[in-house]
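Observations on the three-dimensional arrangement
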Amino acid sequence: MNKVPFMKFRKIAGMGSIVLLVVAISSLALQSLNWGLDFTGGTLVEVSYPESVNPEQIRLDLDAAGWNGHVVQYFGSDRDILVRMPPQKDLSDKDNARLGDSLFASLVELSIGDVELRRSEFVGPAVGEELANQGGLGLLAALGMVLLYVSFRFQLKFALGAVVALFHDVLFTLGIFSLIRWEFDLTVLAALLAVIGYSLNDTIVVSDRIRENFRSARRGKPVDVIDESLNQTLGRTLITSATTLLVLTALLLLGGELIRGFAIALIIGVVIGTYSSIYVAANVLLLMNLSREDLMVPVKEGADQDSMP
Amino acid sequence: MVLGVFVLGVIYAMPNFYPPDYAIQISRGSGGLDLSERELDVALEALSSSNVQIKASSLEGGSGLIRLENADEQLRAQPLIQRALHDLQSEYVVALNSAPTTPDWLRDLGAEPMKYGLDLRGGVHFLMEVDTASAVKDRLEGMEQDIKRSFRSGADRIRYAGSSIVDGQTLQFVFADETLRSRARSRIEETYAQFLVTTEDVPNADAPYGLNLAMSDASVREIEDFAVQQNLQTIRNRVNELGVAEPLVQRLGRQRIVVDLPGVQDTAEAKKILGKVATLEFRMEASPDASRGSILPYTYEGRAVRLERDLILRGERVFDAQVGFDPDSGLPQVNITLDSEGGELMHRSTRYNIGRRMAVVFIETKTRDRYEMRGGEEVKITEPYVEERVISLATVQAALGVSFRITGLQGAEARDLALLLRAGALAADMFIAEERTVGASLGQENIELGAISVAIGFGLVVIFMLAFYQWFGLAANIALMANLLLLVAVMSSLSATLTLPGIAGIVLTVGMAVDANVLIFSRIKEELKKSTPPQMAINAGFERAFVTILDANLTTLLVAVILYSIGTGPVKGFAITLSIGILTSMFTAIMGTRALVNLAVGGRPIKRLAIGWQRV
């Protein structure tokens, strides 16, 4: 296999990453995310009709029946309809919790044929807020733990490289969700944490090799060592990404509407995670002037523990 | 050892390959009685006379289980059984259920199939929030009245200038001078141990001497616990009425209750039934010469009792009821606490009635089915009715006040009485914080979609690995299969719940599990490139990849654990399968593949290894 001089392009890649991140952050800052019901609170009813229906007609019918604030859309097929209602501020918590029942009753009344309830969800505003806080906290906790673990197992510079790469992946994925206005719900949050896990996996494998090569007696500039390490792990990185993307594509196409967001977030994350373990993590290492001395350990051969330089 | 683990994996994964039977579960409604053989026979009779095919039936753990051929028969059977049992004049719960068909020899080994979450079975999930803040405030207000009364009563009155509730858990009294304050302080410290008493000078010209009574965190917790426990009990009592086979009612955190009702579709009905509360009435037993118009007839322990029509007080005045022990005799008793007005009412009614008996009546709204002929057809009518029963009849031995006790009870009696008293006591408000309903058809669809995703994802990876690594790919594929099997086996033996995101986790595991093998194989390739002899290359490849695999997987596991700890319901399901998947994949990829490779090429000299495109 020919060698790819990865680090030759590191400046371009770095600039590219920064530009993309700026776009992601500005989109997040300007229009936030399209928060799903799990986080905003509100009511959702999914129903199935025997024949294909027109969501516009249902919307008008609901209007006429005295509902307002509802959003009607197809969900999966043209026989399945999803109706959402934001939390009603002028109603008590108790009455808000009953909205789903009366909404479904209205839909049954308005329809000529049988309407089947597929799913109905109500999330109180307090719960939604809590979930959002917990989610954010979880992401930060995950990043913090990674920082600790990697600096313990490797070295602080690697840990920073890994965490910057993870931030990069999470922000980028969030940015895409924000730009395209895909709905961000609990399963997407779970996917985001899985992205952290996956991208970390990649980064660790690469870092592991960089460390090993730095330690082996060969001479060479850090750039060359890193380049060689990246080339050595390239095959593995691509194959693992390929198998993971294969199963995720299967999940996206076959897994049904409910885990579509989950699959999309993971696919984006896996692609960007593969890129970031090559360009972001290694780039950060070079920026911080990783040197052989950083990795020289007074301990016997073996890579089980590192001390700070 | 690898083989041993694999065999165990097969055994514990096996129950999942037996499709469950459609079944109907019958149990006695209340009173906790076991279902008898005769009652089960009545149900079976009703089914066979309507030509419903019965697969099997059994009595297990106090309830009857009838297995049926398919879902249609199951739906047809339920009303038939209800109708037949209705004639027996007793309460029964007839619930749709699915019964595992695990063979006996597997069950003897403790192997059970995985449980399905609500998103796969269909059903309702409620997250109820108990309004504990107002429960605490109510209690504080009661205390305020009580303390005021104690200041006013007795020979040494304490004049206070005012009182207020400062924040959620602090009561403030103000006094005109220092002496009054210190007298008040010592009296409070004597009788009300639950308060932390501090002084504070308040900007009030007439009464600048403030006394703060802060309820300790422990007492606040106690009130919260009581409020939540009470609602928990109420819900448990109600859930039986809904006819749910395996309900889950569980406290979550400080003030929430999770209610999972698999199979329930009518959420409106479920909410109505869960929302009903019971109440209590305290009444004196009527004297023998009481006029007919002033008494209410009841029965207690099989005997008729006549109670006074005049009410002493209702359950909303009861704060607490706990089982305790009589310090003298060591026998169980129930300690009851009323609010201050309740104490007043109780005192007024009992002070001249020492020696007479007082009854506690438990009142509950329930629903029952009735069958009626309408237009030549028998229809089922569900109607509400009020059930009243005397749960205690005890002799008054002294004038009672805010707290008193009921003695002379057996252990179980005391516990049941306390439970009923609590169920009928002032209920802290409860509201639905979250509700998720999944229709049965969607659940079934989710299972099918999930299974297809796993199968196709698995197939794709298998083909990919074979194409890329040839014989070694085959080894990796066998390891992957073993991994999937082990994952299912571990999930089953931990009785973890499988959810839709959980299935997604399995799919993801399938994709990522080959990573370890890929790492090992690329190391072996590298060694081969360095012209290392094949056997040594294999050894070196496994060894050198090991540390990398360990580091990479442990960090991912770390993230999965965090995901588990922050996640709720479905997200937890994902985290569980992901974590277990990481552990099993490490095992199968390192140990399993190694065993396979050794089996194939071990012990004999080889010149070439078929591992990918570059032949050496």
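**With respect to the overall build of chain A**
- Check the secondary structure of chain A and you find 10 helices and six strands.
- For a compact globule of 309 residues, the expected C-alpha radius of gyration is about 19 Å, and chain A comes in at 25 Å, more than 25% above that figure.
- Along the longest, intermediate and shortest principal axes, the C-alpha atoms of chain A span 80 × 40 × 35 Å.
- The burial tally for chain A puts 48% of its 309 residues in the buried class.
- Look at the contacts in chain A between residues 6 or more apart in sequence, and 76% of them connect residues 24 or more apart.

**Here we look at the domain arrangement of chain A**
- Along its sequence, chain A is organised into domain 1 (6-36 + 128-295) and domain 2 (42-123).
- Using only C-alpha atoms to locate each centre, domain 1 of chain A and domain 2 of chain A end up separated by 39 Å.

**Focus on helix H8 (residues 222-254) of chain A**
All names here are of chain A.
- The terminal C-alpha atoms of H8, which comprises 33 residues, lie 45 Å apart, in line with the 48 Å expected from a rise of 1.5 Å per residue.
- Maximum bend of H8: about 45 degrees, positioned at threonine 233.
- Where H8 ends, the next residue or the one after it, glycine 256, has phi of about 90 degrees, a positive value.

**Observations regarding the pairing of strand S17 (residues 318-325) of chain B**
Residues and elements named next belong to chain B.
- Of the pairings in the sheet, the one linking S17 to strand S18 (residues 332-338) comprises seven bridges and is antiparallel in character. Its bridge partner lying in S18, phenylalanine 325 is registered against proline 332.
- Between the end of S17 and the start of S18, which pair antiparallel, lie six residues, with glycine 330 showing a positive phi angle near 75 degrees.

**A word on the domain arrangement of chain B**
Residues and elements named next belong to chain B.
- Segmentation of chain B into domains returns domain 1 (21-99), domain 2 (134-219), domain 3 (277-436) and domain 4 (441-601).
- Each of domain 2 and domain 3 was reduced to a C-alpha centroid, and the two centroids are 33 Å apart.
- Each side of the interface is counted separately: domain 2 has seven residues, and domain 3 has seven residues.
- Partitioning the side of domain 2 that touches domain 3 into residue classes produces one nonpolar, three polar and three charged.

**A few points about the packing of helix H13 (residues 500-529) of chain B against helix H14 (residues 534-566) of chain B**
Residues and elements named next belong to chain B.
- Relative to each other, H13 and H14 sit at 135 degrees, their axes nearing to 7 Å. Between H13 and H14, the crossing angle belongs to the class labelled oblique. In the crossing of H13 with H14, the sense of the turn from one axis to the other is right-handed. Here Ala516, Leu519, Ile520, Arg523, Ile524, Glu527 and Leu528 of H13 come into contact with H14, specifically with Pro534, Ala537, Ile538, Ala540, Gly541, Phe542, Arg544, Ala545, Thr548 and Ile549.

**What to know about the interface of chain A and chain B**
- Taken together, the contact between chain A and chain B spans 60 residues of the former and 58 residues of the latter.
- Broken down by secondary-structure element, the contributors of at least two residues to the side of chain A that touches chain B are helix H4 (93-110), strand S5 (116-123), helix H5 (125-153), helix H7 (186-215), H8 and helix H9 (260-287) of chain A.
- Tallying contributions element by element places H8 of chain A first for the side of chain A that touches chain B, with 14 residues.
- Counted by class, the side of chain A that touches chain B contains 34 nonpolar, 16 polar and 10 charged residues.
- In this sheet, strand S22 (residues 430-438) of chain B lies alongside S5 of chain A in antiparallel orientation, the contact comprising five bridges. Across the sheet, residue serine 120 of chain A finds its bridge partner in S22 of chain B, namely threonine 437 of chain B.

**Observations concerning the confidence of the model for chain A**
All names here are of chain A.
- Per-residue confidence for chain A gives a mean pLDDT of 83, with 93% of residues at or over 70.
- Per-residue pLDDT, averaged within each element of chain A, yields its smallest value for helix H10 (residues 292-295) (68) and its largest for helix H6 (residues 156-180) (90).
- Per-residue pLDDT stays below 50 along residues 298-309; that stretch engages in 11 contacts with residues further than four places along the chain or on separate chains.

**Re the nonpolar core**
- By size, the foremost hydrophobic cluster in this structure holds 223 residues, and its most contacted members are Ala190, Leu192, Leu193, Ala265 and Leu266 of chain A together with Val507 and Val510 of chain B.
- The element contributing the most residues to this core is helix H12 (residues 440-493) of chain B, with 20 residues.
- The contacts of alanine 265 of chain A, once residues within four sequence positions are left out, are Thr173, Phe177, Val188, Ala191, Leu192 and Val195 of chain A.
- Counting residues in each nonpolar core, the second largest holds 31 residues, with Phe282, Phe319, Leu338 and Val360 of chain B among its members.

**Digging into unusual backbone geometry**
- Backbone geometry places serine 32 of chain A, a non-glycine residue, at a positive phi of 50 degrees.
- Take serine 32 of chain A: there are 11 C-beta atoms within 10 Å of it, and that puts it in the exposed class.

**Overview of the packing of helix H2 (residues 37-49) of chain B against helix H3 (residues 71-86) of chain B**
Residue and element names in this part refer to chain B.
- Close contact between H2 and H3 brings their axes to 9 Å; oriented N to C, the two are set at 130 degrees. By the angle between their directions, the pair H2 and H3 is classed as oblique. Classified by chirality, the crossing of H3 by H2 is right-handed. Residue-level contacts link Glu39, Val42, Ala43, Ala46 and Leu47 of H2 to Ala77, Leu80, Ile81, Arg83, Ala84 and Leu85 of H3.
- Split into classes, the residues belonging to the contact of H2 with H3 amount to nine nonpolar, no polar and two charged.

Cut-offs applied
- Residues numbered from 1 in each chain as written.
- Chains lettered and ligands numbered in written order.
- Predicted model: local features only at pLDDT ≥ 70, side-chain atom pairs only at ≥ 80, totals over all residues.
- Helix = DSSP H or I, 4+ residues; strand = E, 2+ residues; numbered from the N terminus.
- Rg over C-alpha atoms; globule rule 2.2 N^0.38 Å.
- Buried ≥ 20, exposed ≤ 12 C-beta atoms within 10 Å, placed from the backbone.
- Contact = placed C-beta atoms within 7 Å.
- Domains from an automatic or database assignment.
- Expected span 1.5 Å × (residues − 1).
- Bend = angle between axes of the 7 residues up to and from the residue.
- Pairing = 2+ DSSP bridges.
- Nonpolar A, V, L, I, M, F, W, Y, C, P; charged D, E, K, R; others polar.
- Axes fitted to C-alpha atoms, helices over the stretch in contact; angles between N-to-C directions.
- Parallel < 35°, antiparallel > 145°, perpendicular 65-115°, else oblique.
- Left-handed = near helix turned anticlockwise from the far one by under 90°.
- pLDDT = per-residue confidence, 0-100.
- Core = buried A, V, L, I, M, F, W, Y, C linked by C-beta atoms within 7 Å.

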